[in-house]
Amino acid sequence: METKVIVIDENDIDETAQAGLEEAGRIIKEGGLVAFPTETVYGLGGDALNPESSKKIYAAKGRPSDNPLIVHVANMEDLADIVKEVPESAKKLAKAFWPGPLTMIMNKNEKVPYETTGGLDTVAIRMPNNKIALELIRQSGGYIAAPSANTSGRPSPTIARYCEEDLSGKIEMIIDGGQVGIGLESTIVDLTSDVPMILRPGYITASMLKDVLGEISIDRTIIDGSSAEKPKAPGMKYRHYAPKGQLMIVQGQQDNVVDYINKSTKEAMAEGKRVGIIGTDATMKLYSADVVKSVGNREDERTIAHELFKVLREFDDENIDVMFSESFDDSGIGQAIMNRLLKAAGHNVKVV
Ligand code: TXA
Ligand code: MG
């Protein structure tokens, strides 16, 4: 299959762009797949109410079919049509954070096929904050199932080129809407338990959710890598977000971290390996390796979130075998950053 790529500027949806979105909408309505930008990461979209579309999504990504998809909507009214009931908590959260990087889990009704929810009676729903995505959802009939548009196991794509790398030839269309704003997937909160529970940390932090709901819990497996329990979001159990090379996170006082990384880099390079280092603006110049990249200023967690997956993909482009990363504060958005970094590293952490 040939994959058509169209370019659209989110801030200037002219007639040509509109025609492109209508074509993309038709593709999805007819059961095809389109990768598209959202504010978090690129999504791989198909008709959420068509079981055949969901099967195609799993096949294109090489994703296990017990790992449910997120349904994307463009209107609040459409939400009520696919769930048993809209909980009060969902109304409050939608008012505060939609459109935006928050996914809510509710009890599904019969309209949502089990192929989309990986066999679960619940469904994950979000309204993305991106004009291309919202118009595409409307053109597609209102419900787009979309996981991140990467091959299963690779870092989520933050630019269209990475969707092309993973999915070219496997899907009908890619909409290139430039670089995404946030760079990490949405926060997932389960509203089916007594106390709402965060299943995946993201840009909407625990304290932001607590401000709206009063009470919030966190799936322990997110924080504790050694926990024997299974994460409640099926997708969180997979070694996800993984770059091709081996990644180690080095934790400790800055001087110790820099010394340890430089020493280990020398050793790995002596063995003929290509080494990449993830540092920050303040430490970049203290390292020497094949490739050294900064994810920004340590205090600026928004930039770190934005850069992390991008840097991991760039290391893949540069055929890096071994990577060392500094560790980050794990409060606020830092919780999402460390969650993704730990998963990328397969929880390989060295304390120095
Ligand atoms: O930001 C995002 O959420 C992006 C963009 C494209 O919207 N999408 C995304 O989808 O990250 P994906 O498929 O890569 O991650 C969805 C996660 C998986 O971990 C999955 O197991 C979990 O959501 N999930 C989906 N439905 C669920 C459900 N009913 N119960 C528990 N977890 C669910
Ligand atoms: Mg994903």
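Within each chain, residues carry numbers counting from 1 in the order of the written sequence. As they are written, the chains are lettered A onward and the ligands numbered 1 onward, keeping that order. This being a predicted model, a pLDDT of at least 70 is required before a residue's local features are given, and a value of 80 or more before pairs of side-chain atoms are given or counted; all residues contribute to the totals for chains, interfaces and linings. Side-chain numbers come from the whole structure's heavy atoms, not from hydrogens or water.

Q: Outline the overall build of the chain, listing residues and values.
A: Of regular secondary structure, the chain possesses twelve helices and 16 strands. Taken over the C-alpha trace, the chain has a radius of gyration of 20 Å; the compact-globule value for 352 residues is 20 Å, and the two agree within 12%. Taken along its principal axes, the extent of the C-alpha atoms in the chain is 55 × 45 × 35 Å. Accessibility here uses a 1.4 Å probe with only protein chains present; expressed as a share of the type maximum, an area under 20% marks a residue as buried, one over 50% as exposed, and anything in between as partly exposed. Split into buried and exposed, the 352 residues of the chain put 57% on the buried side. We call two residues in contact when some of their heavy atoms are within 4.5 Å. Taking as baseline every contact in the chain between residues at least 6 positions apart, the subset at least 24 positions apart corresponds to 68%. Residue exposure ignores everything except the shown protein chains as possible cover, and the areas themselves are Shrake-Rupley values with a 1.4 Å probe. Carbon and sulfur atoms form 46% of the exposed surface of the chain, whose accessible area is close to 14700 Å². For this count, His and the chain ends are skipped, Lys and Arg are scored as positive, and Asp and Glu as negative. All charge positions are set by atom: Lys at NZ, Arg at CZ, Asp at CG, Glu at CD. A gap of 4 Å separates the mean positions of the 40 positive and 53 negative side-chain charges of the chain. Strands here mean DSSP runs of E at least two residues long; helices mean DSSP runs of H or I at least four residues long; both are numbered from the N terminus. Each radius of gyration reported is based on C-alpha atoms, and the globular scaling rule is 2.2 Å times the count of residues to the power 0.38.

Q: Can you lay out the nonpolar core for me, pointing to particular residues and giving the numbers?
A: Nine residue types can take part in a nonpolar core, namely buried Ala, Val, Leu, Ile, Met, Phe, Trp, Tyr and Cys, and a core is a set of them joined through side-chain atoms within 4.5 Å. Core analysis: the largest hydrophobic core is formed by 63 residues, its most contacted members being L93, W98, L102, M104, I125, L136 and I175. The residues touching L93, leaving out its near neighbours within four places in the chain, are W98, L102, M104, V189, L191, L209, V212 and L213. Listed in part, the 33 residues of the second largest apolar core include L184, V291, A305 and I320.

Q: Quick rundown of the side chain of E135? Include the residues and the values.
A: If you trace the backbone, E135 turns up in helix α6 (residues 131–139). A polar atom in the side chain of E135 sits 2.7 Å from the side chain of Q139. Leaving out residues up to four positions away in the same chain, E135 has contacts with Q18 and L21. In protein, a polar contact requires one atom able to donate a hydrogen and another able to accept it; more generally it is a pair of N or O atoms within 3.5 Å, and residues adjacent in sequence count only if both atoms are side-chain atoms.

Q: Give a description of the layout of surface pockets that names residues and reports values.
A: In this model, the largest pocket occupies a volume close to 590 Å³. Around the largest pocket sit 42 residues that line it, and R63, P68, I70, I188 and R200 are the ones nearest its centre. Looking at the lining of the largest pocket, the elements that each hand over two or more residues are β4 (70–72), β6 (122–126), β9 (187–190) and β10 (197–200). Looking at which element gives the most residues to the lining of the largest pocket, the answer is β6, with four residues. Basically, the charged four are Asp, Glu, Lys and Arg, the nonpolar ten are Ala, Val, Leu, Ile, Met, Phe, Trp, Tyr, Cys and Pro, and anything else, Gly included, counts as polar. Residue classes in the lining of the largest pocket are distributed as 19 nonpolar, 15 polar and eight charged. A cavity, in this analysis, means grid points on a 1 Å lattice covering only the protein atoms where a 1.4 Å probe fits yet has no way out; a pocket is instead an open set bounded by protein on both sides within 12 Å along at least five of seven lines, and a residue lines either one if it has an atom within 4 Å of a point. Grid points are joined across faces, edges and corners, and a volume is the space filled by probe spheres set on the points.

Q: Lay out the domain arrangement of the chain in plain terms, naming residues and giving numbers.
A: With domains assigned, the chain is organised as domain 1 (4–237) and domain 2 (246–351). Domains are outlined according to an automatic or database domain assignment. For domain 1 and domain 2, the distance between their C-alpha centres works out to 28 Å. The partner domain 2 presents 19 residues to the 30 residues of domain 1 that form the contact. Each of two parts loses accessible area, computed with a 1.4 Å probe, when they are put together; buried area is these two losses added. Taken over both partners, the interface formed by domain 1 and domain 2 buries close to 2100 Å², and the fraction arising from carbon and sulfur atoms is 53%. Looking only at domain 1, the three residues that lose the most surface to domain 2 are Y162, L184 and Y203, adding up to 28% of its buried area. Put simply, a salt bridge is a Lys or Arg side-chain nitrogen that is within 4 Å of an Asp or Glu carboxyl oxygen. Taken together, the links from domain 1 to domain 2 amount to five salt bridges. D317 is paired through a salt bridge with R161; the nearest N and O atoms lie 3.7 Å apart. Scanning the region where domain 1 abuts domain 2 turns up ten residue pairs in polar contact (both at pLDDT 80 or more).

Q: Outline the packing of aromatic side chains, listing residues and values.
A: Aromatic pairs are defined between Phe, Tyr and Trp rings, using the six-membered ring for Trp, whenever the two ring centres lie within 6.5 Å; interplanar angles under 30 degrees are classed as stacked, those over 60 as edge-to-face, and all others as tilted. This model, assessed by the stated rule, comprises zero aromatic pairs. Placement of a charge over a ring requires the Lys NZ or Arg CZ to be within 6 Å of the ring centre, with the centre-to-atom vector within 35 degrees of the ring normal. Its end group placed over the ring of Y114, K108 keeps NZ or CZ at 4.1 Å from the ring centre.

Q: Break down the side chain of N109 for me, with residues and values.
A: Secondary-structure assignment places N109 in the loop between β5 (102–107) and α5 (114–117). Here D81 takes part through its backbone oxygen, which lies 2.9 Å from a polar atom of the side chain of N109. If we skip the residues at most four places from it in the chain, N109 touches D81, I82, V83 and K84.

Q: Provide a residue-level description of the sheet that holds strand β16 (residues 349–351), including the pertinent values.
A: For two strands to pair, DSSP has to find at least two bridges joining them. Ordered in space as β14-β13-β15-β12-β16, the five strands form an open sheet in which the pairing is parallel. With one partner strand each, in any of the chains shown, β14 (291–294) and β16 form the two edges of the open sheet. The sheet shows a mean angle of 20 degrees between the axes of neighbouring strands, taken without regard to direction. Taken together, the three bridges between strand β12 (residues 246–251) and β16 define a ladder with parallel strand orientation. Opposite Q251, over in β16, you have V351 as the bridge partner. Simply put, an axis is a line fit to the C-alpha atoms, just over the touching stretch for a helix, and the angle between two N-to-C directions goes from 0 to 180 degrees.

Q: Lay out the sheet that holds β4 in plain terms, naming residues and giving numbers.
A: Reading across the sheet, the eleven strands line up as β1-β8-β2-β3-β7-β4-β6-β5-β9-β10-β11 and stay open at both edges, with mixed pairing between neighbours. The sheet is open, and its two edges are formed by β1 (4–7) and β11 (217–218), each paired on a single side. Bridge analysis of strand β2 (residues 34–36) against strand β3 (residues 43–47) gives three bridges, and the strand direction is antiparallel. When the bridges of β3 are listed, V34 appears paired with G45.

Q: If you had to explain empty space enclosed by the protein to someone new, which residues and values would you point to?
A: In this structure the tally under the stated criterion is one cavity of 30 Å³ or more. In this model, the largest cavity occupies a volume close to 40 Å³. Lining of the largest cavity is provided by I198, P201, G202, I204, T205, A206, G332, Q335 and A336. Its residues assigned to classes, the lining of the largest cavity comprises five nonpolar, four polar and no charged. The residues that make up the lining of the largest cavity include at least three from each of domain 1 (4–237) and domain 2 (246–351).

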